[in-house]
Amino acid sequence: MILPAKCRVAILNLSPKKSWSYYSSDFVYLDKEMVKGFVAQLNDSPRIYDASFLPSMLVPKKKTIDGLRAAAARYQADLLLTYRSECEDFQKYNILNPNQNKAYCTVEAVVIDTRSGIIPFTAIATNEFTAEKSEQDFNFTETRKKAEMKALGTGLGEISTQLRMFVEGLPLL
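Residues numbered from 1 in each chain as written. Predicted model: local features only at pLDDT ≥ 70, side-chain atom pairs only at ≥ 80, totals over all residues. Heavy atoms only, no water.

K.L.:
Can you lay out the pattern of salt bridges for me, pointing to particular residues and giving the numbers?
P.N.:
The tally for this structure, following the rule as stated, stands at 4 salt bridges. The salt bridge partner of Glu-108 is Arg-84, with a shortest N-O separation of 2.6 Å. Here the residue Glu-108 occupies a position in strand 4 (residues 100-113), and Arg-84 occupies one in strand 3 (residues 79-89), the gap between them amounting to 24 residues. Of the charged contacts, one joins Glu-168 and Arg-164 as a salt bridge, the two residues approaching to 3.3 Å between their closest N and O atoms. Taken together, the residues span about one helical turn, with Glu-168 and Arg-164 both in helix 4 (residues 140-168) at a distance of 4 residues. Residue Glu-168 is classed as partly exposed on the basis of its relative accessible area of 34%. (Salt bridge = Lys/Arg side-chain N within 4 Å of Asp/Glu carboxyl O. Helix = DSSP H or I, 4+ residues; strand = E, 2+ residues; numbered from the N terminus. Buried < 20%, exposed > 50% of the residue type's maximum accessible area, 1.4 Å probe, protein only.)

In structure tokens form, the structure reads like this:
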């Protein structure tokens, strides 16, 4: 696979919508900061001139590889980075300490070359994070969700690092 000297990466989150993201403005802020860091890390690559989210109005209702590839091509992206995350928290852990929680999050990523349709890169990052309830947390649910977001942010950081290494290692067009 050969890429231009600088390429554009469209990003698409395929995770189910999180109902708790509207629970508190703290979650909105944490989510925005996590995504901002993820995108900034990709944009710091000398081989990527733009990493940005694919506008939702371009995403087809039926999310097939061909449909997503076409949407990314219309966006003039060389690559489409799709990712999906899933988090679980350990209920048994807080029996030992009711003010602590562990979250286990997995981020799966697939990159599609919009020109050829091939998938030259995949990655999986799994992270565990422990959170302890603070006085600022409204309840333990908030503590658990913050732990999940921390583990998810770490996973996205790992994915962006791996993708940068992959892209920077490719020959120039």
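This is not the end of the story, as more comes after the structure.
K.L.:
Describe the pairing of strand 3, and please don't skip the residues or the numbers.
P.N.:
For strand 1 (residues 7-13) and strand 3, the ladder comprises 5 bridges, and the chain directions are parallel. Paired with Leu-12 across the bridge in strand 3 is Thr-82. Here strand 3 runs beside strand 4; their pairing, made up of 11 bridges, is antiparallel. Note on strand 4: the bridge partner recorded for Ser-85 is Val-107. (Pairing = 2+ DSSP bridges.)

K.L.:
Describe the state of the cysteines, naming the residues involved and giving the relevant values.
P.N.:
In this structure the tally under the stated criterion is 1 disulfide. Covalent S-S linkage joins Cys-87 and Cys-105, the inter-sulfur distance amounting to 2.1 Å. Because the sign of the S-S torsion sets the handedness, a value of about 120 degrees for the bond joining Cys-87 and Cys-105 places this disulfide among the right-handed ones. With a gap of 18 residues between them, Cys-87 in strand 3 and Cys-105 in strand 4 connect regions that are remote in the sequence. Relative accessible area serves as the criterion here: at 1%, Cys-105 is assigned to the buried category. (Disulfide = S-S within 2.5 Å.)

K.L.:
If you had to explain the environment of Ala-10 to someone new, which residues and values would you point to?
P.N.:
Tracing the chain through its elements places Ala-10 in strand 1. The class of Ala-10 is buried, set by a relative accessible area of 0%. Distance from Ala-10 to Val-111, taken between C-alpha atoms, is 9.6 Å for residues 101 residues apart in sequence. With near-sequence residues (within four places) excluded, Ala-10 lies in contact with Ser-52, Leu-54, Ala-72, Tyr-75, Ala-77, Leu-79, Leu-80 and Leu-81. (Contact = heavy atoms within 4.5 Å.)

K.L.:
Can you explain the environment of Asn-13? Please cite residues and give values.
P.N.:
Summarising the element assignment, Asn-13 is placed in strand 1. Taking the C-alpha atoms as reference, Asn-13 lies 8.5 Å from Leu-81; in sequence the two are 68 residues apart. At 2.8 Å, the side chain of Asn-13 forms a polar contact with the side chain of Ser-15. There is a polar contact of 3.4 Å between the side chain of Asn-13 and the side chain of Tyr-83. (Polar contact = N/O pair within 3.5 Å; in protein donor to acceptor, adjacent residues only side chain to side chain.)

K.L.:
So what's going on with the packing of aromatic side chains? Residues and values would help.
P.N.:
For the structure shown, the criterion picks out 2 aromatic pairs. Ring plane angle 75 degrees and centroid distance 5.6 Å describe the contact between Phe-38 and Tyr-83, whose orientation is recorded as edge-to-face. Remark: Tyr-83 occurs in strand 3 and Phe-38 occurs in helix 1 (residues 25-43); sequence separation between them is 45 residues. Tyr-83 gets classed as buried once you look at its relative accessible area, which sits at 5%. Pairing Phe-121 with Phe-166 gives two aromatic rings, centres 5.4 Å apart and planes at 40 degrees, and the pair type is tilted. Remark: Phe-166 occurs in helix 4 and Phe-121 occurs in strand 5 (residues 121-132); sequence separation between them is 45 residues. For Phe-121, a relative accessible area of 8% puts it in the buried group. (Phe/Tyr/Trp six-rings, centres within 6.5 Å; stacked < 30°, edge-to-face > 60°.)

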